[in-house]
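Architecture at a glance
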Amino acid sequence: MLEIKNLQVYYGVIAAVRGIDMHIKRGEIVTLIGSNGAGKTSTLNALVNSVKKSGRVIFEGRNISTHPTHKIVREGIALVPEGRRVFINLSVEENLRMGAFNNDENFERLRGRMYELFPRLYDKREQMAGTLSGGEQQMLAIARALMSEPKLLMLDEPSLGLAPRIVGELFEVIAELKKSFPILLVEQNAFAALSIADYGYVLENGIISLEGESEKLEGNDDVRKRYLGV
Ligand SMILES: Nc1ncnc2c1ncn2[C@@H]1O[C@H](COP(=O)(O)OP(=O)(O)OP(=O)(O)O)[C@@H](O)[C@H]1O
Ligand SMILES: [Mg+2]
């Protein structure tokens, strides 16, 4: 469904992503794991063309490499950026409304679906988003992205700063979502990410150092030592 060929991102002379290839198939969660500064966020930004890049991005057979960001979003690729950017002065419900701005006729149906997926958000639907807990804000950021009914969802470190129990809760929902569309999950939390992903890529200094089925990566000695701390 998504094919990435020789993707490169340079900030001036700094090489953040140095020619990576990736594939995401329907029905899959694919994770991109790596430590701070490995180039994960740069990769996602390159895929939606919000940073300068080279290489090819093929989505559903179409070359979208040079499409502007808004067009890529309209094609059905949704990115939930790092740091849960919700509208802090709007209520939960108003945030969902914003997410459905180009899909207003489906608002009622999708809102119901979001509250099913995230019952905590239903309980807090009138609350200002800025006063939600970190975990609730992350759930809202994802729910808001889903209001556009994407064909592919990309998540940038959804577990960042959340307590392990909340990560577990959130990742159960993410695992459920792959029935509807494939997911590219960027994470530093390799343990959580590999536990729900089908396939994984390990990014180090802008290069894919290792890839494979999640179970294989979980069993790999290098991955265990460097990313799983066991
Ligand atoms: N706008 C920018 N200008 C210059 N250098 C940048 C810019 N954005 C990122 N970089 C550099 O590119 C490299 C990759 O950064 P990136 O944000 O993609 O890493 P990351 O894997 O997402 O890290 P983290 O886990 O900390 O979010 C880093 O060395 C970073 O300092
Ligand atoms: Mg990042």
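Thresholds applied
- Residues numbered from 1 in each chain as written.
- Chains lettered and ligands numbered in written order.
- Predicted model: local features only at pLDDT ≥ 70, side-chain atom pairs only at ≥ 80, totals over all residues.
- Near = placed C-beta within 6 Å.
- Helix = DSSP H or I, 4+ residues; strand = E, 2+ residues; numbered from the N terminus.
- Nonpolar A, V, L, I, M, F, W, Y, C, P; charged D, E, K, R; others polar.
- Pairing = 2+ DSSP bridges.
- Contact = placed C-beta atoms within 7 Å.
- Axes fitted to C-alpha atoms, helices over the stretch in contact; angles between N-to-C directions.
- Buried ≥ 20, exposed ≤ 12 C-beta atoms within 10 Å, placed from the backbone.
- Right-handed = clockwise from strand over helix to strand, strands pointing away.

Attention shifts here to the site of ligand 1. The environment of ligand 1 is formed by 13 residues, the closest being Tyr11, Ala16, Lys40, Thr41 and Ser42. Breaking the shell around ligand 1 down by element, the ones donating at least two residues are strand E2 (14-24) and helix H1 (40-47). By residue number, the principal contributor to the shell around ligand 1 is H1, which donates 3 residues. The residue inventory of the shell around ligand 1, partitioned by class, reads 4 nonpolar, 7 polar and 2 charged.

Within the open sheet, the 4 strands sit side by side as E2-E1-E4-E5. Their pairing is antiparallel. The sheet is open, and its two edges are formed by E2 and strand E5 (62-63), each paired on a single side. Summarising the sheet, strand E4 (residues 54-59) and E5 pair through 2 bridges and their orientation is antiparallel. Opposite Ile58, over in E5, you have Asn63 as the bridge partner. Along the sheet, H1 makes contact with strand E1 (2-11), E2 and E4, crossing E2 at roughly 65°.

With 5 of its 5 residues buried, strand E7 (residues 152-156) lies for the most part within the structure. Covered by surrounding structure in E7 are Leu152, Met154 and Asp156 together with Leu153 and Leu155, the residues of both alternating faces. Two strands pair when backbone bridges link them, and strand E6 (residues 77-80) and E7 are joined in this way by 4 bridges, in the parallel orientation. Note that in E7 the partner of Val80 across the bridge is Leu155. Bridging between E7 and strand E8 (residues 183-187) involves 4 bridges; their strand directions are parallel. Note on E8: the bridge partner recorded for Met154 is Leu184. As for the winding sense of the linkage, the β-α-β connection from E7 through helix H7 (residues 164-177) to E8 is right-handed.

So far we have only geometry, and geometry alone does not tell us how the molecule works.
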